[in-house]
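# Structural characterization, general
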Amino acid sequence: MITRRVTFKAAEAGGFYVESPTRTLKPTQRCAKCWELTPKTLADRIHQCSNAACGHVEDRDVNAAQVNLIWARGQELSSVGVDGQALLSAPVNTGGFKQLTQVKRQKLLAQQSSKG
Ligand SMILES: [Zn+2]
């Protein structure tokens, strides 16, 4: 129910709701600078990147939030059509990411069928 409400509020504000795939993204272990994984226990409160070439040091939760944000922005960029027009600018109350991907799929299908 909280997801539905957040989705609605995000759409109402002209944005959209995305849920990051934390099992594959591993935001608490991934480095926001170089994207490498650094295994941690819950007791490790500081992210110290295991990649010697990176060496990024950040509060664990701040780093995880940054990883999620970077991922979400990637999703946002991938929702921009080939004509450069963001699909988000179509209907404002789209109802969130699920419908957005449907719109994207329809657009892809339309492009494929026009290629013949
Ligand atoms: Zn790093």
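Residues numbered from 1 in each chain as written. Predicted model: local features only at pLDDT ≥ 70, side-chain atom pairs only at ≥ 80, totals over all residues.

Attention now goes to unusual backbone geometry. The backbone of Lys-26 sits at a positive phi, close to 50 degrees, despite the residue not being glycine. Structurally, Lys-26 is set in the loop between helix H2 (22-25) and strand E1 (46-48). Here Lys-26 falls in the partly exposed class, since 15 other C-beta atoms lie within 10 Å of it. (Helix = DSSP H or I, 4+ residues; strand = E, 2+ residues; numbered from the N terminus. Buried ≥ 20, exposed ≤ 12 C-beta atoms within 10 Å, placed from the backbone.)

Moving on, we come to helix H3 (residues 60-78). Over its 19 residues, H3 runs 27 Å from end to end, which matches the ideal 27 Å to within 8%, given 1.5 Å per residue. What H3 keeps buried is the set Asn-63, Ala-64 and Val-67. Buried residues along H3 cover an arc of 105 degrees about the axis, so they all sit on one side. Summarising the geometry of H3, the exposed residues directed more than 90 degrees from the buried face are Asp-61, Val-62, Arg-73 and Leu-77. (Expected span 1.5 Å × (residues − 1). Arc of directions from axis to C-beta.)

Let us now look at the environment of Val-67. By the element assignment, Val-67 lies in helix H3. On a C-alpha basis, the gap between Val-67 and Cys-31 in space is 7.0 Å, while along the polypeptide they are 36 residues apart. The contacts of Val-67, once residues within four sequence positions are left out, are Leu-25, Pro-27, Arg-30 and Ala-32. (Contact = placed C-beta atoms within 7 Å.)

We now examine the confidence of the model for the protein chain. Summarising the model, the protein chain shows a mean pLDDT of 81, and 67% of its residues fall at 70 or more. Taken as a whole, residues 84-95 scores under 50 in pLDDT and shows 18 contacts with residues more than four places along the chain or in a different chain. (pLDDT = per-residue confidence, 0-100.)

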